[in-house]
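Listed here are the chains, written in short residue letters.
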Number of protein chains: 2
Amino acid sequence: MVKFANRIQPCDNGLNDIFSYANDPALISFAAGYPNNQLFPQTELQGAFNSSLTDNINLQYSGAAGLLSLRTKIAQHISSQQRTFTAAEILLTQGAQQGLDLTAKLLLNPGDGVVVEAPTYLGALSAFDAYEPTYYEVPLHDDGLDLNALQKILLTHSVKFIYTIPDFQNPTGSTLSLAKRQALLRLAARYDVIILEDSPYRDLRFSGQSLPSLASLDTQNLVISLGSFSKILAPGLRLGWLVATPQLLAPLTELKLGNDVQSSTLIMNAVDQYLDHHDLSAHITKMNHAYAAKMTTMCAALKHYLPTAVTFTQPSGGFFIYLTLPASVDTGQLLKRVVLPQAKVAYVPSASLFPVSHQANGIRLNFTNLDNSTIELGVKRLGEILTRALTQPHYAKL
Amino acid sequence: MVKFANRIQPCDNGLNDIFSYANDPALISFAAGYPNNQLFPQTELQGAFNSSLTDNINLQYSGAAGLLSLRTKIAQHISSQQRTFTAAEILLTQGAQQGLDLTAKLLLNPGDGVVVEAPTYLGALSAFDAYEPTYYEVPLHDDGLDLNALQKILLTHSVKFIYTIPDFQNPTGSTLSLAKRQALLRLAARYDVIILEDSPYRDLRFSGQSLPSLASLDTQNLVISLGSFSKILAPGLRLGWLVATPQLLAPLTELKLGNDVQSSTLIMNAVDQYLDHHDLSAHITKMNHAYAAKMTTMCAALKHYLPTAVTFTQPSGGFFIYLTLPASVDTGQLLKRVVLPQAKVAYVPSASLFPVSHQANGIRLNFTNLDNSTIELGVKRLGEILTRALTQPHYAKL
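It should be emphasised that the depicted structure is a prediction, and the values quoted were computed from it without experimental measurement.

Focus: the pattern of salt bridges
Residue and element names in this part refer to chain A. By the definition in use, this model includes 22 salt bridges over all chains. When the shortest N-O distance is used, the salt bridge between Lys 73 and Asp 276 registers 3.2 Å. Of the two residues, Lys 73 sits in helix 3 (residues 68–78) while Asp 276 sits in helix 10 (residues 265–277), which places them 203 residues apart along the sequence. Between Arg 83 and Glu 89 there is a salt bridge whose closest N-O contact spans 2.9 Å.

And the structure:
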């Protein structure tokens, strides 16, 4: 019998229940976090790949850090009045996800402390889990993580890094306020803790002013910041970036070499060509109009159909809305026993998004890859079944 | 000060010396393991990407295991009279390199035993190092690893897996004989040890009969086998595969999810399209003709120019020829102090290819990405400088 490493643990994140309904044409899934197929700049990317493939060098190896001209363009894209970034601070990755793995690999011995927002992104936990951390949860408010709770943890525990999604958080949609960004950086400096800033939704703002990234406010070289083309171009490219001071980037690049040598030369070159010939900001603006309309549709439907015992977030951007049900409800059980079979609606139940407390009364809804009428119909079905569930006593045990 | 994980160690593999000469137009580098740019099926891949990009679904997420139709084609490609493989046994990876990382991640706790061929592939050590193994070296002969030495290790130490490159080994070019393949599998079964078979050069045979893969001979589900499109199509695609029994593939796929979610939908679909419309075997045959000529050129030049105290391997395929110098010579020091500055030739010195013994008297030469006259000129320069080095007493200390 093969004995696996300690890091390999049986996992049930409640998503397997959804797969058995995946082929049901009646299913309306708010579970996945997919961008909208229709909004990919397909023709433009076709031109970019065509052009890349006129030179055979774009099919060759090209180095672990990633294509210099693309890193330069990303540095420009993330530069702001607070800070100018350079290519020397950027490593290209397989989506932001690989940045999560590389950062954990750089910093964590088994048992080391990691602070996460509660709830947080499931994929981050799946990346970190491989390095067997000790998790500490910090509650989330509308303006981001609870800094008093964070300080208590930092005072009493040894923590290697604080993982935060400051812009349109996954799964809650909350955005860390500017004051809290500055306070978070002061805390990190005081306790000498790295901040891992994961911000794939940063450019997807539907209203209000963009806030400076943690990386751009950082004066102590304590922020590792992740971005991605997955949500602003297309996830099928698997291309993201990691921003860090060169002292951290050098060992991270060595780890990238060991992980997969480098990202695809062809993909990097084609995205570079796309950025040479097309206006990414204009493309993002177009996407944001479409996504904003979908979110408005979902919020209006939630307001109309949800029972009053259920609250929901109203983000200014991103991909997700988060529902909070009465504390006694287990949304995983509810999904499996009632919502999937009776309402044919899927969502992400919250228990697995809290690595310590496993709070089960939350629901993550995505709105980006459905049309408005499907969003409305799905929310209607969900609202009606939740209304029944919360008023009938035998559902309360679920 | 940020404290890194224990796995992060300062590394000097002797390759940095080469980088300072990288822009010298006089440099002839036998160091890299690059396939030949000129042999990429560039036009055919251009057509495949063009066709993939007519459907926006190929820019979307598509699942961690990888595209089913491509996995089916790979299963056919690796099936033989010994064994038929199915898509359910295949996970698509970022080159074979990611398979090294995933396997180590699946199996290794810090200190666990890993057997490697001595010398072995540097990139494998860089993948395994992150999981802090205890290495055991097994000497290599012309017909592959020394099974008596292996058995002694398995008798006296706890080993999680045996890492082998059975076909045209990197760096020696040696191929494991059929009898030894069968004996290796018996040993693995007796001591309940996984075999990690890494075979990116398998299809690049210039003469003789192909031998069955370890995976195809395995009746105990103890082999994890890695393949790649890097050497038979193009490395810039970053696409490889891992073959294992579904009981191992399930946790490996979970690890892949945490590493980078999935491989690029677009790349997978384009390679699938390429295989639909083109004859990969014919392409490989064409490549093998070109590579065989380059190897013949290099061997003839080595025979002509090398001093008699230096021996070299004459493989039946693959990318590399391995030179053995007298035991007192340190080829890393020789490279840095004499060969690079005086002969303007680069190679991979052997010390870092032996994780325990650091034997320093070997040289790895690659012949695939140079034209015949450059190969000849480079070997002439190398042979002349080695002849001088080995006859002049003050060089002997190098």
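After that view, the rundown keeps rolling.
Observations concerning the domain arrangement of chain A
Residues and elements named next belong to chain A. You can read the domains of chain A as domain 1 (16–40 + 282–396) and domain 2 (60–277). One C-alpha centre belongs to domain 1, the other to domain 2; they are set 26 Å apart. Counting residues at the interface gives 29 residues for domain 1, matched by 28 residues for domain 2. Taken over both partners, the interface formed by domain 1 and domain 2 buries close to 2300 Å², and the fraction arising from carbon and sulfur atoms is 68%. Of all residues in domain 1, the largest losses of buried area upon contact with domain 2 belong to Ser 316, Leu 353 and Pro 355, amounting jointly to 22% of the total for that side. Joining domain 1 to domain 2, the criterion identifies zero salt bridges. Summed over the shared surface of domain 1 and domain 2, the number is 11 residue pairs in polar contact (both at pLDDT 80 or more). Mapped onto the side of domain 1 that touches domain 2, the elements with two or more residues apiece are helix 11 (280–305) and strand 11 (320–324). The biggest single contributor to the side of domain 1 that touches domain 2 is helix 11, with seven residues.

Remarks on the sheet that holds strand 14 (residues 362–366) of chain B
Residue and element names in this part refer to chain B. On the basis of which strands lie adjacent, the open sheet formed by four strands has the order 10-11-14-13 and antiparallel pairing. Unpaired on one side and paired on the other, strand 10 (311–312) and strand 13 (348–349) mark the two borders of the sheet. Relative to strand 14, strand 11 (residues 320–324) is paired through five bridges, and the arrangement is antiparallel. Counterpart to Thr 324 in the pairing with strand 14 is Gly 362.

Some details on the side chain of B:Ser52
Residues and elements named next belong to chain B. Position of Ser 52 relative to the elements: it lies in helix 2 (residues 42–52). A distance of 2.6 Å separates the side chain of Ser 52 from the side chain of Asn 269, its partner in a polar contact. Here Ala 270 takes part through its backbone nitrogen, which lies 3.2 Å from a polar atom of the side chain of Ser 52. Setting aside chain neighbours within four positions, we find Ser 52 in contact with Asn 58, Leu 266, Asn 269, Ala 270 and Gln 273.

Considering the nonpolar core
Within the largest apolar cluster, 266 residues are counted, with the highest numbers of intra-cluster contacts made by A:Phe128, A:Leu323, B:Phe128 and B:Leu323. Excluding residues that lie within four positions of it along the chain, A:Leu323 makes contacts with A:Leu302, A:Leu306, A:Val310, A:Thr311, A:Phe312, A:Asn361, A:Gly362, A:Ile363, A:Leu365, A:Leu382 and A:Leu386.

Topic: the sheet that holds strand 9 (residues 240–243) of chain B
Residue and element names in this part refer to chain B. Here we have eight strands laid out as an open sheet, ordered 2-9-8-7-6-3-4-5, and mixed in their pairing. Strand pairing shows two members of the sheet lacking a second neighbour, strand 2 (90–93) and strand 5 (144–145), which therefore form its edges. Its contacts with the sheet place helix 3 (residues 68–78) against strand 2 and strand 9, and it is angled at close to 110° to strand 2.

Details of the relation of the copies chain B and chain A
Placing chain B over chain A gives an RMSD of 0.0 Å and needs a rotation angle of 180°, together with 0.0 Å of translation along the axis. On this basis, the relationship between the two copies can be described by a two-fold rotation axis. When the interface residues of chain B are mapped onto chain A, 100% of them again fall at the interface, so both copies present the same face.

Observations regarding the UniProt feature "domain: Aminotransferase class I/classII large" (unreviewed entry) in chain A
If you check UniProt for "domain: Aminotransferase class I/classII large" (unreviewed entry), the listed places come out as residues 52–382 of chain A in our numbering. Within residues 52–382 of chain A, the helical portion is 42% and the strand portion 17%, while the C-alpha atoms at the span's ends are 46 Å from each other.

Section: the side chain of B:Arg181
Residue and element names in this part refer to chain B. For Arg 181, the location among the structural elements is in helix 7 (residues 178–191). Within the structure, the side chain of Arg 181 is placed 2.8 Å from the side chain of Asp 167, a separation counted as a polar contact. Once you skip the residues sitting within four places of it in the chain, Arg 181 turns out to touch Pro 166, Asp 167, Thr 175, Leu 176, Arg 202, Leu 211, Pro 212, Ser 213, Leu 214 and Leu 217.

Some details on the packing of helix 4 (residues 95–107) of chain A against helix 9 (residues 246–260) of chain B
Closest axis-to-axis distance for the helix 4 of chain A/helix 9 of chain B pair is 5 Å, and the angle between their directions is 100°. It follows from the interaxial angle that helix 4 of chain A and helix 9 of chain B lie roughly perpendicular. For the pair helix 4 of chain A and helix 9 of chain B, contact is made by A:Gln97, A:Gln98 and A:Asp101 and by B:Leu257, B:Gly258, B:Asn259 and B:Asp260, respectively. When the residues that make up the contact of helix 4 of chain A with helix 9 of chain B are grouped by side-chain class, the tally is one nonpolar, four polar and two charged.

What about the interface of chain B and chain A?
Where interface size is given, it is often the accessible area lost as the parts come together that is meant. The partner chain A presents 70 residues to the 70 residues of chain B that form the contact. Across the chain B to chain A interface the summed buried area is about 5800 Å²; carbon plus sulfur atoms make up 55%. There are two salt bridges connecting chain B and chain A. Broken down by secondary-structure element, the contributors of at least two residues to the side of chain B that touches chain A are helix 2, helix 4 (95–107), helix 5 (122–129), helix 9 and helix 10 (265–277) of chain B. With nine residues, helix 9 of chain B is the single largest residue contributor to the side of chain B that touches chain A. Across the side of chain B that touches chain A, the residue classes break down as 34 nonpolar, 25 polar and 11 charged.

Overview of unusual backbone geometry
A:Asn170 connects to A:Pro171 through a cis peptide bond whose omega is 15°. With respect to the helices and strands, the residue A:Pro171 is situated in the loop between strand 6 (159–164) and helix 7 (178–191). The step from B:Ala118 to B:Pro119 runs through a cis peptide bond, and the omega angle for that step is 5°. In this fold, B:Pro119 is placed in the loop between strand 3 (113–118) and helix 5. Here the phi dihedral of A:Arg238 falls at roughly 50°; this positive angle occurs in a residue that is not glycine.

As for the pairing of strand 7 (residues 194–198) of chain B
For a regular strand, side chains alternate in direction, first toward one face of the sheet and then toward the other. Residues and elements named next belong to chain B. Of all the five residues making up strand 7, five are buried; the element is thus mostly covered by neighbouring parts of the structure. Burial along strand 7 is two-sided: the face carrying Ile 194, Leu 196 and Asp 198 and the face carrying Ile 195 and Glu 197 are both buried. Summarising the sheet, strand 6 (residues 159–164) and strand 7 pair through four bridges and their orientation is parallel. By the bridge assignment, Phe 161 is partnered in strand 7 with Ile 194. Handedness of the crossover joining strand 6 and strand 7 through helix 7: right-handed. Alignment of strand 7 against strand 8 (residues 223–228), held across four bridges, turns out to be parallel. Bridging across to strand 8, Leu 196 finds its partner in Ile 224.

Some remarks on the packing of aromatic side chains
For the structure shown, the criterion picks out 19 aromatic pairs over all chains. A centroid spacing of 6.4 Å and a plane angle of 65° characterise the contact between B:Phe206 and B:Phe367, whose relative ring orientation is edge-to-face. One end of the pair, B:Phe206, is in the loop between strand 7 and helix 8 (214–217); the other, B:Phe367, is in the loop between strand 14 and helix 13 (372–391), and 161 residues separate them in sequence. One exposure class covers both B:Phe206 and B:Phe367, and it is buried. An aromatic cluster is present here, built from A:Tyr201, A:Tyr291, A:Phe319 and A:Phe320 joined pairwise through their rings.

Definitions and cut-offs
- Residues numbered from 1 in each chain as written.
- Chains lettered and ligands numbered in written order.
- Predicted model: local features only at pLDDT ≥ 70, side-chain atom pairs only at ≥ 80, totals over all residues.
- Heavy atoms only, no water.
- Salt bridge = Lys/Arg side-chain N within 4 Å of Asp/Glu carboxyl O.
- Helix = DSSP H or I, 4+ residues; strand = E, 2+ residues; numbered from the N terminus.
- Domains from an automatic or database assignment.
- Contact = heavy atoms within 4.5 Å.
- Buried area = accessible area lost by both parts, 1.4 Å probe.
- Polar contact = N/O pair within 3.5 Å; in protein donor to acceptor, adjacent residues only side chain to side chain.
- Pairing = 2+ DSSP bridges.
- Core = buried A, V, L, I, M, F, W, Y, C linked by side-chain atoms within 4.5 Å.
- Buried < 20%, exposed > 50% of the residue type's maximum accessible area, 1.4 Å probe, protein only.
- Axes fitted to C-alpha atoms, helices over the stretch in contact; angles between N-to-C directions.
- Least-squares fit on C-alpha atoms with pLDDT ≥ 70 in both.
- UniProt positions renumbered as here; feature names shortened; annotations may be inferred.
- Parallel < 35°, antiparallel > 145°, perpendicular 65-115°, else oblique.
- Nonpolar A, V, L, I, M, F, W, Y, C, P; charged D, E, K, R; others polar.
- Right-handed = clockwise from strand over helix to strand, strands pointing away.
- Phe/Tyr/Trp six-rings, centres within 6.5 Å; stacked < 30°, edge-to-face > 60°.

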